[in-house]
Amino acid sequence: MEEGRKPEETHQTQPKMIHDHEKEHHKHKHTAPQSSYYPRDPRRTFCTVITVFLLLAGLSVLIVWLIYRPHKPHFTVVNAAVYDLNTSSPPFISTSMQFTLVTRNPNKRVSIIYDKLSAYVSYRNQAITPTVVLPPLYHEKKSTVAVSPVLGGAQVPVSVEVANGLVMDENYGVVVLRVVLLGRLRWKAGAIKTGRYGVYVKCDVWVGLKRGFVGPVPLLGSPQCKVDI
């Protein structure tokens, strides 16, 4: 009799196991997919888009810079003339000078546009001519341009040290002057233009000048000008 009951017990417990399995399957069926439908955080998506955009923009700028890589222009004073230098009315002096500056654009792919150019002459770090405004200048790539501004024409107040120094240097026959150019420039590559950058050019020249002499004066020394951008 006991042997005959065993199949019935086995038959009775089997549906329960199947039922439990179906319940577990039904539970997973309704709960598992819910995690895949959670909404994304819009702030995180926005930050990701901005980050990708900035990386691409930075990479583009770096590529353009490496391709074109603009270099500073070169300036040199090649000629000088003094038409007037009057130090007889201290603390004012009046002078009229002309300098020829040659500027070279060393870039093969980039042109230079100069805006708001002005120039003056200084002696011992003091201006001895008024500032003169120069016309805008467009400098083609791999080209050389010469400018010859006439500087001076009006009285300028100076210190006693400057006035006495000019008199002594004229008597000696050598005067050290500095030609200064100020302005703003942009680099241009095709249709692309950069923003404006301030440019400061300092040209130290030694001129052979005797008191009372008028006209072209020899350059005793004229190293390449210093260009700060």
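Shown above is the structure to which this text applies.
Residues numbered from 1 in each chain as written. Predicted model: local features only at pLDDT ≥ 70, side-chain atom pairs only at ≥ 80, totals over all residues. Heavy atoms only, no water.

(A) How the structure looks around the overall build of the protein chain. If you tally the helices and strands in the protein chain, you get 3 helices and 15 strands. Put simply, the protein chain has 229 residues, and 32% of those count as buried. Entry remark: accessible area of the protein chain is about 15,100 Å², with carbon and sulfur atoms responsible for 59%. (Helix = DSSP H or I, 4+ residues; strand = E, 2+ residues; numbered from the N terminus. Buried < 20%, exposed > 50% of the residue type's maximum accessible area, 1.4 Å probe, protein only. Areas by Shrake-Rupley, 256 points an atom, 1.4 Å probe, with all protein chains shown as cover.)

(B) Up close: a positive patch on the surface. Residues Arg104, Lys108, Arg109 and Lys142 make up a contiguous surface patch of positive charge. Of note, Lys142 is situated in the loop between strand E6 (137-139) and strand E7 (144-147). (Patch = residues over 30% accessible without salt bridge, like charges linked within 9 Å, V, L, I, M, F, W, Y side chains within 5 Å. Salt bridge = Lys/Arg side-chain N within 4 Å of Asp/Glu carboxyl O. Lys, Arg positive; Asp, Glu negative; His and termini not counted. Charge placed at Lys NZ, Arg CZ, Asp CG, Glu CD.)

(C) Representation of the side chain of Arg186 within the structure. By secondary structure assignment, the location of Arg186 is in strand E10 (residues 174-189). Residue classification places Arg186 among the buried residues on the basis of a relative accessible area of 16%. Of note is the side chain of Arg186, whose polar atom sits 3.4 Å from the side chain of Asp115. Those residues in contact with Arg186 that lie beyond four places of it in its chain are Ser111, Ile112, Ile113, Asp115, Lys193, Thr194, Gly195 and Arg196. (Polar contact = N/O pair within 3.5 Å; in protein donor to acceptor, adjacent residues only side chain to side chain. Contact = heavy atoms within 4.5 Å.)

(D) Spotlight on the state of the cysteines. This structure, assessed with the given rule, holds 1 disulfide. Disulfide pairing is shown between Cys203 and Cys225; the S-S distance is 2.0 Å. What sets the handedness of the Cys203 and Cys225 disulfide is the S-S torsion sign, and at about 110° it is right-handed. Of this pair, Cys203 sits in strand E12 (residues 197-208) while Cys225 sits in the loop between strand E14 (219-221) and strand E15 (226-228), and the two are 22 residues apart along the sequence. Note on Cys225: relative accessible area 7%, which makes it buried. (Disulfide = S-S within 2.5 Å.)

(E) Representation of a nonpolar patch on the surface. A cluster of nonpolar residues, Phe46, Ile50, Phe53 and Leu54, forms a patch on the protein surface that exposes about 440 Å² of accessible area. Within the secondary structure layout, Ile50 lies in helix H2 (residues 42-68). Taking the relative accessible area as the measure of exposure, Ile50 reaches 34% and is therefore partly exposed.

(F) Structural context of the packing of aromatic side chains. Inspection of every chain in the model, using the stated rule, returns 2 aromatic pairs. Both rings, one in Trp187 and one in Tyr197, keep their centres 5.6 Å apart while their planes meet at 55°; by these two values the pair is tilted. In this pair, Trp187 sits in strand E10 while Tyr197 sits in strand E12, placing the two residues 10 residues apart along the sequence. With relative accessibility at 39%, the residue Tyr197 sits in the partly exposed group. (Phe/Tyr/Trp six-rings, centres within 6.5 Å; stacked < 30°, edge-to-face > 60°.)

(G) Representation of the nonpolar core. Core analysis: the biggest nonpolar cluster contains 41 residues, and Phe99, Ile128 and Leu177 have the highest contact counts within it. Looking at this core, the elements with two or more residues in it are strand E1 (74-89), strand E2 (92-104), strand E3 (111-123), helix H3 (160-172), E10 and E12. If one sorts the elements of this core by residue count, E10 sits on top with 7 residues. Filtering out sequence-adjacent residues up to four positions away, Ile128 remains in contact with Ile93, Thr95, Met97, Val121, Ser122, Tyr123, Val156, Val158, Val162 and Leu177. (Core = buried A, V, L, I, M, F, W, Y, C linked by side-chain atoms within 4.5 Å.)

(H) Broad picture of unusual backbone geometry. A cis geometry characterises the amide bond from Pro90 onward to Pro91, with omega recorded as 5°. Secondary-structure assignment places Pro91 in the loop between E1 and E2. One non-glycine residue, Asn125, adopts positive backbone phi at about 65°. Take Asn125: it is sitting in the loop between E3 and strand E4 (126-127). According to the relative accessible area criterion, Asn125 is exposed, its value standing at 69%. In the Ramachandran plot, Lys142 falls in the positive-phi region, its phi being about 50° despite a non-glycine side chain.

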